[in-house]
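Residue-level structural notes
For reference, the chains in residue letters:
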Amino acid sequence: MDIFEASPGEMSEELREQGIKALVHMLKQFETMDKPGLLAMGLDMYSPGLDSRVKANLDRIHWQLSMFYRHSKPTKIGLAVRHLRWIIENCKLPGREIDRVPLYMLGVALMKSDKGQDAETQAEARSYFEMGFNRITKRDAKLRSAVWARAHFSRLLHEMGLHNDADEQEKILADNYRNDPLAMMPSEFVELVSDDCGDPAENPIVLRLPNKGKNALDAFRHDWPAVPFYKNGKMIGHQVFKEGPIPKTMNATGVRLSEKMKQREKENEPQVCDYCHRKMAINQCSRCQAAYYCNQTCQKTHWKVHKQTCVAPSKTAT
């Protein structure tokens, strides 16, 4: 298994623990410049550009370690503070803003850290949340990481006594889900906004869903599939299927296909960048539609390599 291509959220807890140990060991070797260890990993120690190769590997290790901590059950994101700081401080591209995902992830990490109850730490966490969400697009606001982080942001605001601001964040989450219910399954939404923080049935975000989130909670508790149900063009709740697969069509305004839900999930999930290998790529090569990049800088830098295989789908077919 390539630890940098792995998806921590889809692993068992045992494999995640193994991944964390391996990444911590690799990080120590790079930070101490352990020559035998780096040579054993296949790092070229003698060609020009060693510093850039080391930095590229450190970027990947810090980011992937953050993701392993984030997806641990219960989450260990509080241990990722220094790794996310590294990403923010060292991966900013010239002339471009800092990527929003590490910013709001650092907000959660600070909340979950040992100093998460300190007023100074809470203020810092709030500033990172605001920086991250001020940069987010409507499409990216529906990503799983954004839903998860915004739910934590609302909890932080409540802890700081800023209840009106917290209500605003909760409303954004509920409205986004209500307006685009095919973005994710209801059980997944409940899991993301709850994240081991109390009873989901008492979660103020879940209570904002249609029917106070009853059907979504049923799907979450019993791992039942569910799809949105419409009346007169308006979503009024979810139809939960306690037995058997989801039917291909629904009694709804228009046809609601379960396959469409899966496709929407795939489209919203960040891909692995073909240049820097971080799972933060949301820009697709418009020509071949097979390569993904974090931004234009990654795409332009990788073009010398990618142009050798970049062929439009229609040309491939002929």
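Remember, it's a predicted structure, so these values are computed and weren't measured experimentally.

The helix and strand tally for the protein chain stands at 13 helices and four strands. For the protein chain, the residues scored as buried account for 46% of the 318 residues in total. Here the contacts in the protein chain between residues at least 6 apart in sequence split such that 52% fall between residues at least 24 apart. Roughly 17,000 Å² of accessible area belongs to the protein chain as shown, and the carbon and sulfur atoms make up 50% of that amount.

Residue pairs spaced three or four apart in an α-helix point in one direction, given the helix's 3.6 residues per turn. When we look at burial in helix H12 (residues 296-306), the residues that qualify are Cys 298, His 302 and His 306. All buried residues of H12 lie within an arc of 60 degrees about the axis, which places them on one face of the element. Of the exposed residues in H12, those oriented more than 90 degrees away from the buried face are Gln 296, Lys 300 and Lys 304. Residues of H12 that are buried sit in contact with strand S4 (292-293).

Here the focus is the packing of helix H5 (residues 100-112) against helix H7 (residues 144-159). At their nearest, the axes of H5 and H7 sit 10 Å apart, and the two run at 45 degrees to each other. In terms of axis orientation, H5 runs oblique to H7. Between H5 and H7 lies a crossing of left-handed hand. When H5 is examined against H7, the residues Val 101, Tyr 104, Met 105, Val 108, Met 111 and Lys 112 are found in contact with a partner set consisting of Ser 145, Ala 146, Trp 148, Ala 149, His 152, Arg 155 and Leu 156. Split into classes, the residues belonging to the contact of H5 with H7 amount to nine nonpolar, two polar and two charged.

All right, on to the packing of aromatic side chains then. A ring pair, where both rings are aromatic, is described by two values, the distance of the centres and the angle of the planes. Applying the stated criterion across every chain yields a total of five aromatic pairs. Ring centres of Phe 129 and Phe 133 lie 6.4 Å apart, and the angle between their planes is 5 degrees; on these two criteria the pair is classed as stacked. Taken as a pair, Phe 129 and Phe 133 lie in helix H6 (residues 119-134) at a separation of four residues, close to a single helical turn. The class of Phe 129 is buried, set by a relative accessible area of 0%.

A few words now on the environment of Leu 192. Note on placement: Leu 192 falls in helix H9 (residues 186-194). Taking C-alpha positions, Leu 192 is 9.5 Å from Ala 146, a pair spaced 46 residues apart along the chain. Non-local contacts of Leu 192, meaning those with residues more than four positions away in its chain, are made with Arg 70, Arg 144, Val 147, Trp 148, Ala 151 and Met 184.

This model, assessed by the stated rule, comprises 12 salt bridges. A salt bridge links Lys 73 to Glu 191; its shortest N-O distance comes to 3.3 Å. Of the two residues, Lys 73 sits in the loop between helix H3 (50-71) and helix H4 (81-90) while Glu 191 sits in helix H9, which places them 118 residues apart along the sequence. On the basis of relative accessibility, which here comes to 39%, the residue Glu 191 falls in the partly exposed class. Taken together, the salt bridges that share partners define one network made up of Asp 99, Arg 100 and Asp 140.

The next point concerns H7. Taking 1.5 Å as the rise per residue, H7 with 16 residues should run 22 Å; its terminal C-alpha atoms sit 23 Å apart, in good agreement. With 14 of 16 residues buried, H7 is to be regarded as a mostly interior element.

So, about the environment of Lys 307. Turning to its location among the elements, Lys 307 is positioned in the loop between H12 and helix H13 (313-317). Expressed as a C-alpha distance, the spacing of Lys 307 and Cys 288, which sit 19 residues apart in the sequence, is 9.8 Å.

Viewed as axis vectors pointing N to C, H5 and H6 meet at an angle of 160 degrees, and their least axial separation amounts to 7 Å. With respect to H6, the element H5 is oriented roughly antiparallel. You can see that H5 and H6 cross each other, and the crossing is left-handed. Contacts between H5 and H6 pair Arg 100, Leu 103, Tyr 104, Leu 106, Gly 107, Val 108, Leu 110 and Met 111 from the former with Thr 121, Glu 124, Ala 125, Tyr 128, Phe 129, Met 131, Gly 132 and Phe 133 from the latter. Split into classes, the residues belonging to the contact of H5 with H6 amount to 11 nonpolar, three polar and two charged.

Scoring rules and cut-offs
- Residues numbered from 1 in each chain as written.
- Predicted model: local features only at pLDDT ≥ 70, side-chain atom pairs only at ≥ 80, totals over all residues.
- Heavy atoms only, no water.
- Helix = DSSP H or I, 4+ residues; strand = E, 2+ residues; numbered from the N terminus.
- Buried < 20%, exposed > 50% of the residue type's maximum accessible area, 1.4 Å probe, protein only.
- Contact = heavy atoms within 4.5 Å.
- Areas by Shrake-Rupley, 256 points an atom, 1.4 Å probe, with all protein chains shown as cover.
- Arc of directions from axis to C-beta.
- Axes fitted to C-alpha atoms, helices over the stretch in contact; angles between N-to-C directions.
- Parallel < 35°, antiparallel > 145°, perpendicular 65-115°, else oblique.
- Left-handed = near helix turned anticlockwise from the far one by under 90°.
- Nonpolar A, V, L, I, M, F, W, Y, C, P; charged D, E, K, R; others polar.
- Phe/Tyr/Trp six-rings, centres within 6.5 Å; stacked < 30°, edge-to-face > 60°.
- Salt bridge = Lys/Arg side-chain N within 4 Å of Asp/Glu carboxyl O.
- Expected span 1.5 Å × (residues − 1).

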